[in-house]
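The lines below spell out each chain.
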Amino acid sequence: MAIRPLILPNEPEIEAIDSWSAVKTDEGRYLAYLASIVPSHLSIVEIGSFQGRSTCFLASGSKYGHRATVYAVDPWNLNLDGITGEHLYANFQQNIHKVGVNDLVFPLRAESSDIVKNWKKPIGLLHIDDGHEYEVVLEEYRDWFPYIVENGWIVFHDSTWPDVKKVIDECVQDSDQWRVEDIPATSHGLFVAQRTHSK
Ligand SMILES: C[S@@+](CC[C@H](N)C(=O)[O-])C[C@H]1O[C@@H](n2cnc3c(N)ncnc32)[C@H](O)[C@@H]1O
């Protein structure tokens with residue numbers, strides 16, 4: 001099944017969220033489309049939510065579709081030129097409220113490796129967009145992919161970063177567990193694949 005960009009009526013409100021280090025609109029539209037096709041009994045998980053731009057694309061797509069819950073995993077502990085983690089988390093909360101998707105977003109404020117220890121839910125869509133170092137991305141892929149159901153989706157942001165690309169090449173690109181979706185090049189290289197079977 002070919003995927004396509006989904007342009008949502010509330011896109012201008014999402015675009016108003018700070019775009020530094022975040023998905024661009026061309027990428028958000030694919031996230032929105034994928035989220036819109038996730039059935040309600042499956043989870044959407046995002047690793048690395050920052051100020052909520054990509055979370056809002058996901059949750060708005062889900063709202064348009066089947067209302068699957070979006071779990072936003074992030075410790076919100078960065079300190080960026082005096083902007084504290086508390087400030088970033090407050091911005092995240094404010095943004096999901098402004099966009100009107102707070103009822104579908106469940107923030108999990110901790111490192112991915114801590115959250116996954118107690119994770120049990122089947123995942124229909126996983127978006128990985130946090131650390132971009134090889135070991136980090138590889139560990140996250142290995143931690144989370146067992147929860148992705150057959151026909152579920154994985155999305156890597158910044159897939160042109162050498163370390164992210166290396167994980168994709170080693171684990172997803174030529175694996176019979178995945179079918180790579182051929183989408184046009186996006187601003188930061190969104191990579192999308194669908195799980196072919198869950199064993
Ligand atoms: C590039 S930003 C995410 C941008 C966001 N996806 C967007 O497009 O709006 C990276 C985020 O990953 C988070 N992060 C870093 N290490 C993490 C970890 N181990 N687990 C979860 N999130 C992490 C950071 O706190 C930061 O907010």
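Conventions used here
- Residues numbered from 1 in each chain as written.
- Predicted model: local features only at pLDDT ≥ 70, side-chain atom pairs only at ≥ 80, totals over all residues.
- Axes fitted to C-alpha atoms, helices over the stretch in contact; angles between N-to-C directions.
- Helix = DSSP H or I, 4+ residues; strand = E, 2+ residues; numbered from the N terminus.
- Parallel < 35°, antiparallel > 145°, perpendicular 65-115°, else oblique.
- Left-handed = near helix turned anticlockwise from the far one by under 90°.
- Contact = placed C-beta atoms within 7 Å.
- Nonpolar A, V, L, I, M, F, W, Y, C, P; charged D, E, K, R; others polar.
- Expected span 1.5 Å × (residues − 1).
- Buried ≥ 20, exposed ≤ 12 C-beta atoms within 10 Å, placed from the backbone.
- Arc of directions from axis to C-beta.
- Near = placed C-beta within 6 Å.
- Pairing = 2+ DSSP bridges.
- Core = buried A, V, L, I, M, F, W, Y, C linked by C-beta atoms within 7 Å.

Where an unreviewed UniProt entry is consulted, the protein chain appears under the name Class I SAM-dependent methyltransferase, with the organism given as Effusibacillus consociatus.

A. Just the packing of helix α6 (residues 134-144) against helix α7 (residues 162-173), in detail. Running from amino to carboxyl end, α6 crosses α7 at an angle of 40°, the nearest separation of the two axes being 8 Å. As the angle between them shows, α6 and α7 are arranged oblique. By crossing handedness, the relation of α6 to α7 is classed as right-handed. In contact with Y134, V137, L138 and Y141 of α6, α7 contributes D163, V164, K166, V167 and C171. In terms of residue class, the contact of α6 with α7 is made up of 7 nonpolar, no polar and 2 charged.

B. Structural view of helix α4 (residues 85-99). Taking 1.5 Å of rise per residue, the 15 residues of α4 would be expected to cover 21 Å, and the 21 Å separating its terminal C-alpha atoms lies within 8% of that figure. Burial in α4 covers these residues: L88, Y89, F92, N95, I96 and V99. Looking straight down α4, one finds its buried side chains confined to an arc of 125°; they lie on one side. On the buried face of α4, the contacting elements are α1 (11-15), α3 (53-64) and β3 (105-108). Looking one or two residues past α4, G100 carries a phi angle of roughly 80°, positive in sign.

C. Expanded view of the packing of helix α2 (residues 25-36) against α3. Following both chains from N to C, one finds α2 and α3 inclined at 40°, their axes separated by 7 Å at the closest point. Taken as a pair, α2 and α3 cross one another with a handedness that is right-handed. Residue-level inspection shows G28, L31, A32, Y33, L34, A35 and S36 of α2 in contact with α3, the latter providing S54, F57, L58, S60, G61, S62 and Y64. Looking at the contact of α2 with α3 residue by residue, the classes come out as 8 nonpolar, 6 polar and no charged.

D. Highlighting the site of the ligand. Around the ligand, 19 residues are found, and the nearest of them are A22, G48, R53, S54 and D130. The residue makeup of the shell around the ligand, split by class, is 8 nonpolar, 6 polar and 5 charged.

E. Quick peek at the sheet that holds β3. Strand order across the open sheet formed by 7 strands is β3-β2-β1-β4-β5-β7-β6, with mixed pairing between neighbours. Edge positions in the sheet fall to β3 and β6 (178-180), since each has one partner strand and no second. The sheet shows a mean angle of 20° between the axes of neighbouring strands, taken without regard to direction. Here 4 bridges tie strand β2 (residues 70-73) to β3, and the two strands are oriented parallel to one another. Each residue of the ladder has a partner; that of Y71, found in β3, is F106.

F. Representation of α3 in the model. Its 12 residues place the ends of α3 17 Å apart at the C-alpha level, agreeing with the 16 Å of an ideal helix rising 1.5 Å per residue. Counting buried positions along α3 yields 11 of 12 residues, so the element is predominantly enclosed.

G. Just the nonpolar core, in detail. Of all hydrophobic cores here, the largest spans 57 residues; its most connected members are L31, I44 and V155. Of all the elements, α2 adds the most residues to this core, at 6 residues. Beyond its immediate sequence surroundings of up to four residues, I44 is in contact with A35, V38, L58, S62, A68, T69, V70, Y71, G124 and L125.

H. Structural context of the environment of R53. Tracing the chain through its elements places R53 in helix α3. A tally of 27 C-beta atoms within 10 Å means that R53 is categorised as buried. Taking the C-alpha atoms as reference, R53 lies 5.9 Å from I17; in sequence the two are 36 residues apart. In this view, R53 contacts I14, I17, S19, A22 and V23; residues no more than four positions away in its chain are not counted.

I. Looking closely at unusual backbone geometry. The backbone of R67 sits at a positive phi, close to 65°, despite the residue not being glycine. Turning to its location among the elements, R67 is positioned in the loop between α3 and β2. We classify R67 as partly exposed; it has 16 C-beta atoms within 10 Å. For N151, which is not a glycine, the phi torsion comes out positive at approximately 75°. Residue position: N151 is located in strand β5 (residues 148-156).

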